[in-house]
Amino acid sequence: MDKALVIDVGKCTGCRQCELACSYEHTGTFNPARSRIAVFDFHEKGRFVPYTCTQCDQAWCQQVCPVGAITNEDGVKVVDAATCVGCKVCTIACPFGTVNYEPATGKVIKCDLCGGEPACAAACPTEAIVFTDVSVQGFEKMRAWAEKTDTAPQANA
Amino acid sequence: MAWAKRILRVNLTEGTCKAEPLNMDWAMDYLGQRGLATKYFVEEVDPKVDPLSPENKLIMTTGPLTGTGASTAARYSVVTKGPLTNCIACSNSGGYFGAELKNAGWDMIIFEGKADKPVYLVIDDDEAELHDASEIWGTSVWHTDDWIKEKHQEPQFQIAAIGVPGENGVLFSAVVNNKHRAAGRSGVGTVMGSKNLKAVAVRGTKGITVNDPEAFEKAVNDAKAVIAGNAVTHEALPTYGTQVLTNIINELGALPTRNAQDVQFEKANDISGEAMHEPRRTDGKPNLVRNAGCFGCTIACGRISQIDPTHFSVKDKPQYHHASGGVEYENAWALGADTGVGDLEALTYCNYRCNEHALDPITTGATIAAAMELYKIGALTDEDTGGIKMEFGSAEALVAAVDAICDGTDFGKLLGLGSKRLCEKFGHPDLSMSVKGQEFPAYDPRGIQGMGLTYATSNRGACHLRSYTVASEVLGIPEKTDPLVTDGKAGLVKVFQDLTAFVDSSGLCIFTTFAWSAEDIAPQIDAACEGDWSVENLMKVGERIWNLERKFNLDAGMTAEDDTLPKRILKEAAKTGPAKGLVNGLDKMLPEYYELRGWTPQGVPTEETLSRLGLA
Ligand code: SF4
Ligand code: SF4
């Protein structure tokens, strides 16, 4: 089963436990500035939006990398830091801005799903981020809407 | 390493910013944040200092856990001598500012002196620089926040600022960060304004480590599980925020109403946490948009609201039609029950304005309530109010009064004195519901007896956040005590005071203690920090902090006579509810409290107590 991070924006409280967990997993420090997931606070709309890489099937970043530093590992697009030359072409190619250059290391960083156990999903207290079967991403949303659908009186019922 | 081990000293007179190593000997005795900053403060500042003079200092301080992965590790405090109280002031805030400051590599910032013209401080990791604030002086917190981000092209700044009232000497100005999180009480923002300091903007990218990562991870995860398994922290607070209390406290006959003339408010339900969820009749939308967490918080008690755009308070003011911080329990009480106003939208508007201009909503509401009583007895006239009919229950009067404070009208300036000075000025000092110059919050000490002792002995003037005995007397945490009796309350208050003092020094939010005991907290601090941070030691640190603050206040000129309550609470019995016929029995609790504290009958720590705590 292919799994993906499924984000339910409505549940996010903006606590940044996901950023803390991500940065801790990857850098050994609590440092949201180096997190691969970012939470945006649209204060005046009353909305928090966690945002990260969705692991495109035909990944722009992977396709443009001139040195082949980004590879596809079971669907996850992973940056090999040793190969990355820090040219940043992938950061231009990614339409979503989720690959970013890190001045501290001179390499790019992006979500690598923590090798199969994403720290952000484990840390999220509200299940705004869950790691689940990619083919049923819409299931919960469908069910929520389905529940709201009125059963109109049937002609012959 | 939990502590950044570095402090920033900003001399506003000279315009200099200098790094200094953190005094680790003091950190071992005072932990961080409230305790450690108070230690720095009392070492450096004359207790008799005029709070609004350049000789006063102001410290913004994080705790060792601030910015780590521990739940609620958001907190920072502002420590100074408060102009409202002439006592030590320490106000605590969440949001994202504290964690950012720690991530920039600073445990605290000490501001000294006074800038000759308005300035703001920008911190970008190791670099700190003062900038000219003349373009934002005279503008709101909200405008200042947007302006600084725009000016420096840095949307990731976390910003703490004051509004216009803080510049103009309104004695209860707060420091507001992230546009709606406040270091609220005792006039800490007024001190900032007196130094010509408009704002602090921080970007921090350095990262925080802990002493024993494995032990820390375990302690933090265990503690998070406790929060997730607790009905208060996992259900009540996220759903209703602190506003879950309105109906509960009202039923208990402990919701001070119309300047504490009554103890129950007939419209309590209209301004409650439940009401915030109800679709409005006008637009079918609820007042509440969603809940929100501070940095790292797995509780998320915060309220984000949106005012009904057709409501009279915002009708022609589209600048207030967006979402922002909604009312918390204390604010809903002060602006609502205490003024007799049961209009949730009006309270939300006033709350927006308190955030926009950095006012303490508790003192704001309670001062307006006192003004309403002065008006009722004819001591305050239309001439004084600029024509505002200051009648209890009038949402129009409430809105006009809050606007007056923000706009700095003549009446606004009068209100800006706070209730104590206002009531004295108009010849009725007893109508101020304050202790040591600060108004008490949303728990009537006739209906919750322990809160009387809490208010009377709080080191920053009347306050619920110094020993929240409501937890025990109402909610049964850690065990239920009878709110109507005084027996055992002296001991309860002392334990809560010491516990709270160390929690306030750690970087954690005090709301965790609805679920966490000291045994849940100590392992997190112990794993993060070098040193011994057992429960026993932490309670002793708390007791040390309490006595240090007390000593400062006594040296500042306070005496045991100031450990009292407004006459109304001691002499006028509650008229309705479970506490009907009761006054607060402070005289039954106070001597026992002094004794338990190891203080003389005059409320002075004995030599023995001081030397036991290393304070001699
Ligand atoms: S941990 Fe969950 S609730 Fe918290 S900011 Fe991240 S997505 Fe939102
Ligand atoms: S409990 Fe509330 S105030 Fe405390 S850290 Fe969480 S959101 Fe902030």
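Quick note: structure is the one above.
Below is a short write-up of the structure. These numbers were taken from a predicted model, which means no experiment stands behind them. Numbering of residues starts from 1 in every chain and runs along the sequence as written. Numbering of ligands from 1 and lettering of chains from A proceed in the order in which they are written. Residue-level local features of this predicted model are given only where pLDDT is at least 70; pairs of side-chain atoms are given and counted only at 80 or more, and the full residue set underlies all totals for whole chains, interfaces and linings. Derived side-chain values reflect all non-hydrogen atoms in the structure, with water molecules and hydrogen atoms excluded from consideration.

1. Some details on helix 20 (residues 489-503) of chain B
For the α-helix, the turn length of 3.6 residues means that residues three or four positions removed from each other point alike.
Step number 1: A run of DSSP states H or I qualifies as a helix once it reaches four residues; a run of E qualifies as a strand once it reaches two. Both are numbered from the N-terminal end. In a helix, the anticipated span is given by 1.5 Å times the number of residues less one. The end-to-end C-alpha distance of helix 20 of chain B, which contains 15 residues, comes to 21 Å, matching closely the 21 Å that a straight helix rising 1.5 Å per residue would cover.
Step number 2: Along helix 20 of chain B, 13 of the 15 residues are buried, which leaves the element largely enclosed by surrounding structure. Only protein chains enter the area calculation, which uses a 1.4 Å probe; residues under 20% of their type maximum are buried, those over 50% are exposed, and those in between are partly exposed.

2. Quick word on the packing of aromatic side chains
Residue and element names in this part refer to chain B.
Step number 1: Stacked, tilted and edge-to-face pairs are distinguished by plane angle, under 30 degrees for stacked and over 60 for edge-to-face with tilted covering the rest, among Phe, Tyr and Trp rings (Trp via its six-membered ring) whose centres lie within 6.5 Å. Using the criterion set out here, one finds 19 aromatic pairs over all chains in the structure.
Step number 2: Pairing tryptophan 142 with tyrosine 352 gives two aromatic rings, centres 5.9 Å apart and planes at 70 degrees, and the pair type is edge-to-face. Placement of tryptophan 142 in helix 4 (residues 141-152) and of tyrosine 352 in helix 12 (residues 344-356) is noted, with a sequence separation of 210 residues between them. Take tryptophan 142 and tyrosine 352: they sit in the same class, and that class is buried.
Step number 3: Among the aromatic residues, those joined into a ring-pair cluster are Tyr329, Tyr443, Tyr468, Phe511 and Phe514.

3. Details of the site of ligand 1
Step number 1: The immediate surroundings of ligand 1 are formed by 14 residues, with Cys12, Cys15, Arg16, Cys18 and Cys124 of chain A found nearest.
Step number 2: Each residue belonging to the shell around ligand 1 can be placed in one class, and the counts come to nine nonpolar, four polar and one charged. A single heavy atom is enough: if one lies within 4 Å of a molecule or strand, its residue is considered near that molecule or strand. Basically, the charged four are Asp, Glu, Lys and Arg, the nonpolar ten are Ala, Val, Leu, Ile, Met, Phe, Trp, Tyr, Cys and Pro, and anything else, Gly included, counts as polar.

4. What about the interface of chain A and chain B?
Step number 1: Residue contacts are defined here by distance: any two heavy atoms, one from each residue, within 4.5 Å place the two residues in contact. Counting residues at the interface gives 24 residues for chain A and 37 residues for chain B.
Step number 2: Joining two parts hides part of their accessible area as seen by a 1.4 Å probe, and the buried area is that hidden amount summed over both. Both sides of the chain A and chain B interface together cover about 2200 Å² of buried area, and 55% of this is carbon and sulfur.
Step number 3: When residues of chain A are sorted by the area they lose upon contact with chain B, Phe30, His43 and Glu44 of chain A head the list and together hold 30% of the total.
Step number 4: For this analysis, a salt bridge means a side-chain nitrogen from Lys or Arg found within 4 Å of a carboxyl oxygen belonging to Asp or Glu. There are one salt bridge connecting chain A and chain B.

5. Some words on the site of ligand 2
Residue and element names in this part refer to chain B.
Step number 1: By nearness alone, every residue bordering ligand 2 is listed as Thr72, Arg75, Arg181, Ala292, Gly293, Cys294, Cys297, Ile299, Ala300, Cys301, Cys509 and Phe511.
Step number 2: Among the residues making up the shell around ligand 2, the classes are represented as eight nonpolar, two polar and two charged.
Step number 3: Where each domain starts and ends comes from a domain assignment, either automatic or drawn from a database. Both domain 1 (6-203) and domain 2 (257-432) contribute no fewer than three residues apiece to the shell around ligand 2.

6. Thoughts on a negative patch on the surface
Step number 1: Patch definition: residues with relative accessible area over 30% and no salt bridge; like charges joined within 9 Å; nonpolar side chains (Val, Leu, Ile, Met, Phe, Trp, Tyr) joined within 5 Å. Residue burial considers only the protein chains on display, and all accessible areas are found by Shrake-Rupley using a 1.4 Å probe. Only four residue types enter the tally: Lys and Arg on the positive side, Asp and Glu on the negative side, with His and both chain ends excluded. A single reference atom marks each charge: NZ on Lys, CZ on Arg, CG on Asp, CD on Glu. Together, Glu25 and Glu117 of chain A together with Asp212, Glu214, Glu217, Glu519, Asp526, Asp532 and Glu536 of chain B line one region of the surface with negative charge.
Step number 2: Within the secondary structure, aspartate 532 of chain B sits in the loop between helix 21 (518-528) and helix 22 (535-556).
Step number 3: Residue aspartate 532 of chain B is classed as partly exposed on the basis of its relative accessible area of 47%.

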